Amino acid sequence: MISVNPESLTERENYKFLTGSIIPRPIALVLTKSVNGTVNIAPFSFFNIVSSNPPMISISVQRKEGISKDTARNAIQTGEFVVHITDEENVAEANRTAKELPPEESELALTNFTTTESDVVSVPGLLEAKVRFECKLEKAIPLAGTPEKPGCDLLIGKIVRYHIGQEIYHNGRIDPIGLKPVARLAGQTYTKLGELFEIVRP
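Residues numbered from 1 in each chain as written. Predicted model: local features only at pLDDT ≥ 70, side-chain atom pairs only at ≥ 80, totals over all residues. Heavy atoms only, no water.

Chemist: Whenever I open this one, the overall build of the protein confuses me. Can you help?
Modeler: Looking only at helices and strands, the protein features four helices and 14 strands. Referenced to the eigenvectors of the C-alpha coordinate spread, the extents of the protein come out at roughly 50 × 50 × 35 Å. A total of 202 residues make up the protein; the buried ones form 37% of that total. Taken together, the 22 basic and 25 acidic charged side chains of the protein have centroids lying 2 Å from each other. (Helix = DSSP H or I, 4+ residues; strand = E, 2+ residues; numbered from the N terminus. Buried < 20%, exposed > 50% of the residue type's maximum accessible area, 1.4 Å probe, protein only. Lys, Arg positive; Asp, Glu negative; His and termini not counted. Charge placed at Lys NZ, Arg CZ, Asp CG, Glu CD.)

Chemist: Looking at this structure, how should I read the state of the cysteines?
Modeler: Applying the stated rule across the entire model yields zero disulfides. With no disulfide partner, Cys135 has as its closest neighbouring cysteine sulfur the one in Cys152, 18 Å distant. Residue Cys135 is classed as buried on the basis of its relative accessible area of 0%. Take Cys152: its relative accessible area is 7%, and that puts it in the buried class. (Disulfide = S-S within 2.5 Å.)

Chemist: Explanation requested: unusual backbone geometry in the structure shown.
Modeler: Negative phi characterises most residues that are not glycine, and trans characterises most peptide bonds. Look at the link from Ile23 to Pro24: it is a cis peptide, with omega at -10 degrees. With respect to the helices, strands and loops of the structure, Pro24 is situated in the loop between α1 (11-21) and β1 (25-26). Cis geometry marks the peptide bond from Asn53 to Pro54; its omega dihedral reads 0 degrees. In this structure, Lys180 takes a positive phi of about 55 degrees despite not being glycine. Mapped onto the secondary structure, Lys180 falls in the loop between α4 (176-179) and β13 (182-184).

Chemist: Sorry, what's going on with the pairing of strand β5 (residues 55-62) here?
Modeler: The side chains of a regular strand alternate, residue by residue, between the two faces of the sheet. Of all the eight residues making up β5, six are buried; the element is thus mostly covered by neighbouring parts of the structure. As judged from the five bridges shared by strand β4 (residues 47-52) and β5, these two strands associate in the antiparallel manner. Bridging from a neighbouring strand, Phe47 pairs with Ile59 of β5. Where β4 hands over to β5, the hairpin turn is made up of two residues, counted between the paired strands. Pairing of β5 with strand β10 (residues 152-164), which is carried by seven bridges, proceeds in the antiparallel orientation. Each bridged residue has a counterpart across the sheet, and for Val61 the counterpart in β10 is Asp153. (Pairing = 2+ DSSP bridges.)

Chemist: Help me understand the pairing of strand β6 (residues 80-85), please; the structure alone is not making it clear to me.
Modeler: Most of β6 sits inside the fold, with six of its six residues counted as buried. The alternating pattern of β6 places Glu80, Val82 and His84 on one face and Phe81, Val83 and Ile85 on the opposite face, and all of these are buried. When strand β2 (residues 28-33) meets β6, the two strands line up antiparallel, connected through four bridges. Residue pairing across strands places Val30 opposite Val83, the latter belonging to β6. Relative to strand β9 (residues 131-143), β6 runs antiparallel, the two being bridged by five bridges. What sits directly across from Glu80, in β9, is Lys136.

These figures capture arrangement, not role.
Spelled out as structure tokens, the structure:
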């Protein structure tokens, strides 16, 4: 085994170890809306479940030079966002939204996505996603970096509405084969859902 002290590594080197080891990672395609009404879309693979009672999820949005990205800033200012599960059918369009644009420009113009009104929040959703969560911001926590220049914003969102495609909903469960989720590996590599197996828990 190679033993490495993370404090001896650069941020980029740590990033490579993390993204190459913690795999596969689900991809949250997040929509927010600025106080001026501009819709922002961006994909994030630092994404997971926090709680089921109430249902909560987490998204870590890395800062650039200590400055919050549009997604984090919008979510913090408005208290709302919508998370979509990235799948085989929408991943190419989702990838287009990774392009960095000025805050006043929407990534929607780069895609063929279709928006739809949400039930609870003012941020729209995307019709092309089989699963989406309307979220209210529970907490935003600046982490890493320094107190003056944090490295990321950890967003904790409380799900206030689920939207699930009828074709993948069966008796209260979501069909993973029908969802066709994709996950992020390292670099520009992604993976599809592979062979499934079960192990009975003790």
